[in-house]
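Summary of structural features
In case you want the letters, here they are:
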Amino acid sequence: MKRKRAFTMASSWSSTVKPSRVPEEESVRCWESKTASSNRTRPQIQSRSRRGSKTRNINDVLKDERSKIYGINRILGTPIPVSNNLTWRLLKSHMRIESFYCTKLHSALNAIHECFEPSKDPYTNRDIAEDIVFDLESNFELNLRGFYTVVLERRDDDDGHEEMVGAATVRINKGVAEVPLVATRPQFRRLGMCRILMNELENRLMEFGIER
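Predicted model, so just to flag it, every value in this text is computed and none were measured.

Counting 22 residues, the largest nonpolar core has Ile72 and Trp88 as the members making the most contacts within it. Within the residue set of this core, elements represented by two or more residues are β2 (86-91), β3 (147-155), β4 (162-173) and α6 (193-207). For this core, the element with the highest residue contribution is α6, accounting for 5 residues. Apart from residues no more than four positions distant in its own chain, Trp88 is found in contact with Ile75, Thr78, Pro79, Ile80, Val82, Val150, Val151, Leu152, Leu197, Glu200, Leu201 and Arg204.

Another aspect to go through is α6. With 15 residues, α6 ought to run about 21 Å at 1.5 Å a step, and its terminal C-alpha atoms sit 22 Å apart, in line with that. Following α6 by one or two positions, Gly209 has its phi on the positive side, about 85 degrees.

Moving on to a negative patch on the surface. A cluster of acidic side chains, namely Asp156, Asp157, Asp158 and Asp159, defines a negative patch on the protein surface. Following the sequence through the fold, Asp158 ends up in the loop between β3 and β4.

For the rest of this paragraph, the subject is the state of the cysteines. On inspection of all chains with the given rule, the structure shows 0 disulfides. A disulfide-free cysteine, Cys115 has its sulfur positioned 9.6 Å from the sulfur of Cys194, the nearest such atom. Residue classification places Cys115 among the partly exposed residues on the basis of a relative accessible area of 26%.

This brings us to the pairing of β4. In terms of residue burial, β4 counts as a mostly covered element, since 9 of its 12 residues are buried. Bridge analysis of β3 against β4 gives 9 bridges, and the strand direction is antiparallel. Across the sheet, Phe147 pairs through a bridge with Arg171, a residue of β4. In this structure, β4 lies alongside strand β5 (residues 176-184), joined through 7 bridges in antiparallel fashion. Looking across to β5, one finds that Arg171 is bridged to Glu178. Connecting β4 to the antiparallel partner β5 that follows it, the hairpin turn spans 2 residues, and Lys174 within it adopts a positive phi of roughly 55 degrees.

The rules behind the values
- Residues numbered from 1 in each chain as written.
- Predicted model: local features only at pLDDT ≥ 70, side-chain atom pairs only at ≥ 80, totals over all residues.
- Heavy atoms only, no water.
- Core = buried A, V, L, I, M, F, W, Y, C linked by side-chain atoms within 4.5 Å.
- Buried < 20%, exposed > 50% of the residue type's maximum accessible area, 1.4 Å probe, protein only.
- Helix = DSSP H or I, 4+ residues; strand = E, 2+ residues; numbered from the N terminus.
- Contact = heavy atoms within 4.5 Å.
- Expected span 1.5 Å × (residues − 1).
- Patch = residues over 30% accessible without salt bridge, like charges linked within 9 Å, V, L, I, M, F, W, Y side chains within 5 Å.
- Areas by Shrake-Rupley, 256 points an atom, 1.4 Å probe, with all protein chains shown as cover.
- Salt bridge = Lys/Arg side-chain N within 4 Å of Asp/Glu carboxyl O.
- Lys, Arg positive; Asp, Glu negative; His and termini not counted.
- Charge placed at Lys NZ, Arg CZ, Asp CG, Glu CD.
- Disulfide = S-S within 2.5 Å.
- Pairing = 2+ DSSP bridges.

Geometric descriptors of this kind do not, in isolation, establish any biological role.
Given below as structure tokens:
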């Protein structure tokens, strides 16, 4: 009787107590769900290949900008006829500029002074138009470097002398051109000279990929 009673108690205990071991499939599912939630909260780190592609894009932009400036510099000082006796020319001041072009820059500055009141830099008391035309250093608030000067001249058929008709200043940055000063001398106004100067400038800039 005692053996039979002990056997009955052991079998009832084994049927009521559940095993503490978790099945293997359920533990794998639990681990996968925890890993997915941690990946959602973890900040994504940019791969090296992606950073490299961005660097290549920046280099391509810089290369494109250099090619535009190189193309523009190729026509510096070159006389471009726009009509029978009108000549368009792009100039830029630098340390090794020839005296011939320096004279034309002075004539362009005089044409600008004929149309605009002189404006002085409050810190240096220098003429702002002169700093733009001759590409001079400016103060920390005014950045006047990188300007080109465009001139339109009329040639006299008798003696071949070229007379300044008008001038403009233009600066190119990141594919965009700005023209802060455009001047036409009084005796040549209302003859479409400013339109001729600006049309030729726009056509030349568009040739080098500058559309704005």
